[in-house]
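Geometric and topological summary
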Amino acid sequence: MQWFNINSIAFIMRAIDILAVLGLIYFMLSLSNDRRTLLMVRGIIFLLIASVLSDRLGMRLLNFVLDKLLIGAAVAMAVILQPELRRFLERLGRGDLLSLIQPTTNRRSPVETDSVIEEINDAVIELSQNRTGALMIIETGEPIDDRDFSVPGVRLNALLSKELLHTIFQTSTLLHDGAILIREDRILAAGVILPISERAASREIGTRHRAAMGITDRVRNCFCIVVSEETGSIAIAENGILDRPISSSRLREILETKLGNYRPTTLGGTVPRFNWLWSNSIFKNMVSRKSSEKK
Ligand SMILES: Nc1ncnc2c1ncn2[C@@H]1O[C@H](COP(=O)(O)OP(=O)(O)OP(=O)(O)O)[C@@H](O)[C@H]1O
């Protein structure tokens, strides 16, 4: 028992302390998969580390300023992340600890998912064949905040069907202008006006396609399908990058990957959202920016 002295206990307590902080950071990062939120959390973590370091190094004035900044940042974060924090506290209160460590993406049942994929796929192909312009935002995770849209459009909350998708985009309807927002198996809104991308892109790319690039650049938990009125071509926008033209078989593949049950898994069976955001998308952006610039 000699090895189990005061020093060992202090070491174990320190390890638990560090693990608890890492756990807390993990939960904060998994609150949202919005890029700006993650950048904000990262900024606060940076301030926290700088404050601890300045304290250890005896830099009292810097430490004083950093402490005040941290308090301000924490209050700002509580205000900005109010819906996410409320969800987090609700789950904590319910004792639903498992859902805290599981990504919230794709909780649809297989049957529901299959029919959503079918309906979207059929509608897009039909719209493309008829050269009917269309813009769809499809959520893949946490709900998109209305403040991310320039105009949130008209609320529909209707069950998704290819007939409805087709009807909305007919030029004779009042709702055909703008985008529709799809959440799970519902068309939540139509006539949504999106922020236009500020990325440098070819002059051939018009406002419908730029709008798809704009929203997916701002919000990471979604992708857009665009059907060109001019050419009938299908495009997919993700992470602010436009991929076009997309063949009908590729469209189905993308829908199945994004909305189906397939997900790349780790040993634990799930991928924490911030991994995907910070590693995969940064890599993808670097690779596909070149291809979009070429267009
Ligand atoms: N900011 C926006 N948010 C949502 N929809 C938009 C936005 N800007 C334009 N649109 C849609 O795009 C239509 C205009 O498309 P425009 O011809 O300018 O773009 P495009 O990318 O060349 O598309 P297409 O190939 O279909 O012609 C508008 O009628 C409107 O429905």
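Residues numbered from 1 in each chain as written. Predicted model: local features only at pLDDT ≥ 70, side-chain atom pairs only at ≥ 80, totals over all residues. Heavy atoms only, no water.

- Per an unreviewed UniProt entry, the recorded name for the chain is Diadenylate cyclase, and the organism is Pseudanabaena galeata UHCC 0370.
- UniProt lists a comment for the chain under the heading Catalytic activity (unreviewed entry), and it reads "2 ATP = 3',3'-c-di-AMP + 2 diphosphate".
- Under Function (unreviewed entry), UniProt gives the following word-for-word description of the chain: "Catalyzes the condensation of 2 ATP molecules into cyclic di-AMP (c-di-AMP), a second messenger used to regulate differing processes in different bacteria." (UniProt positions renumbered as here; feature names shortened; annotations may be inferred.)

**Quick look at the UniProt feature "transmembrane region" (unreviewed entry) in the chain**
- UniProt's feature table lists "transmembrane region" (unreviewed entry) at residues 6-29, 36-54 and 60-81, given in the numbering used throughout.
- The straight-line gap between the two end C-alpha atoms of residues 60-81 is 31 Å; of that span, 95% is helix and 0% is strand. (Helix = DSSP H or I, 4+ residues; strand = E, 2+ residues; numbered from the N terminus.)

**Notes on the packing of aromatic side chains**
- Tallied over the entire structure, the rule returns zero aromatic pairs.
- Above the plane of the ring of Phe-223 lies Lys-258, whose end atom (NZ or CZ) is 5.6 Å from the centre. (Phe/Tyr/Trp six-rings, centres within 6.5 Å; stacked < 30°, edge-to-face > 60°. Lys NZ or Arg CZ within 6 Å of the ring centre and 35° of its normal.)

**Comments concerning the site of the ligand**
- In the vicinity of the ligand there are 16 residues, among which Asp-177, Thr-207, His-209, Ser-228 and Glu-229 approach most closely.
- Gly-178 is positioned with one of its backbone polar atoms (N or O) 3.0 Å from an oxygen atom of the ligand.
- Within the backbone of Leu-194, one N or O atom sits 2.8 Å away from a nitrogen atom of the ligand.
- Per element, the largest residue contribution to the shell around the ligand is four residues, and it comes from helix α8 (residues 207-218). (Near = heavy atom within 4 Å. Polar contact = N/O pair within 3.5 Å; in protein donor to acceptor, adjacent residues only side chain to side chain.)

**A few points about α8**
- Taking 1.5 Å as the rise per residue, α8 with 12 residues should run 16 Å; its terminal C-alpha atoms sit 16 Å apart, in good agreement.
- For α8, the buried fraction is high: nine of the 12 residues fall into the buried class.
- When α8 is considered as a whole, its buried residues turn out to be His-209, Arg-210, Ala-211, Ala-212, Met-213, Gly-214, Ile-215, Thr-216 and Asp-217. (Expected span 1.5 Å × (residues − 1). Buried < 20%, exposed > 50% of the residue type's maximum accessible area, 1.4 Å probe, protein only.)

**Notes on the side chain of Ser-51**
- Position of Ser-51 among the secondary structure elements: in helix α2 (residues 35-56).
- On the basis of relative accessibility, which here comes to 8%, the residue Ser-51 falls in the buried class.
- Within the structure, Ser-51 has its side chain in polar contact with the side chain of Asp-67 (distance 3.0 Å).
- Residues in contact with Ser-51, not counting those within four places in the same chain, are Asn-63, Leu-66, Asp-67 and Leu-70. (Contact = heavy atoms within 4.5 Å.)

**Observations concerning the nonpolar core**
- If you look at the biggest cluster of nonpolar residues, it comprises 27 residues, and the most contacted ones within it are Ile-120, Met-136, Leu-165, Ile-180, Ile-225 and Leu-255.
- In terms of residue count, the dominant contributor to this core is helix α6 (residues 110-129) (six residues). (Core = buried A, V, L, I, M, F, W, Y, C linked by side-chain atoms within 4.5 Å.)

**Concerning the environment of Val-226**
- As for its placement among the helices and strands, Val-226 is situated in strand β5 (residues 222-227).
- For the pair Val-226 and Ala-179, spaced 47 residues apart in sequence, the C-alpha separation works out to 9.2 Å.

**A look at a nonpolar patch on the surface**
- Together, Ile-9, Phe-11, Ile-12, Met-13 and Ile-16 make up a nonpolar patch on the protein surface, roughly 500 Å² of accessible area in all.
- Relative to the helices and strands, Ile-9 resides in helix α1 (residues 6-29).
- Exposure remark for Ile-9: the relative accessible area of 39% places this residue in the partly exposed category. (Patch = residues over 30% accessible without salt bridge, like charges linked within 9 Å, V, L, I, M, F, W, Y side chains within 5 Å. Areas by Shrake-Rupley, 256 points an atom, 1.4 Å probe, with all protein chains shown as cover. Salt bridge = Lys/Arg side-chain N within 4 Å of Asp/Glu carboxyl O.)

**Re helix α9 (residues 248-259)**
- Between the first and last C-alpha of α9 there are 16 Å, a value that for 12 residues agrees with the 16 Å anticipated at 1.5 Å per step.
- For α9, the complete set of buried residues consists of Leu-251, Ile-254, Leu-255, Lys-258 and Leu-259. In a view along the axis of α9, the buried residues occupy a sector of 100°, so they form one face of it. (Arc of directions from axis to C-beta.)

**A word on the confidence of the model for the chain**
- Looking at the chain as a whole, its pLDDT mean stands at 78, while 76% of the residues score no less than 70.
- Confidence drops under a pLDDT of 50 for residues 262-295, and excluding neighbours within four residues, the segment shows 50 contacts in the predicted structure.
- Predicted complex metrics record ipTM = 0.95 and pTM = 0.62. (pLDDT = per-residue confidence, 0-100.)

**A closer look at the pattern of salt bridges**
- Under the counting rule described, the total for this entry stands at eight salt bridges.
- Salt-bridge contacts for Arg-252 lead to Glu-118; the nearest nitrogen and oxygen are separated by 3.0 Å. Within this pair, whereas Arg-252 is found in helix α9, its partner Glu-118 is found in helix α6, the two being separated by 134 residues in sequence.
- Since its relative accessible area comes to 25%, Arg-252 is described here as partly exposed.
- The exposure class assigned to Glu-118 is partly exposed, which follows from its relative accessible area of 32%.
- One salt bridge connects Arg-208 with Glu-229, and the closest N-O pair in it is separated by 3.2 Å.

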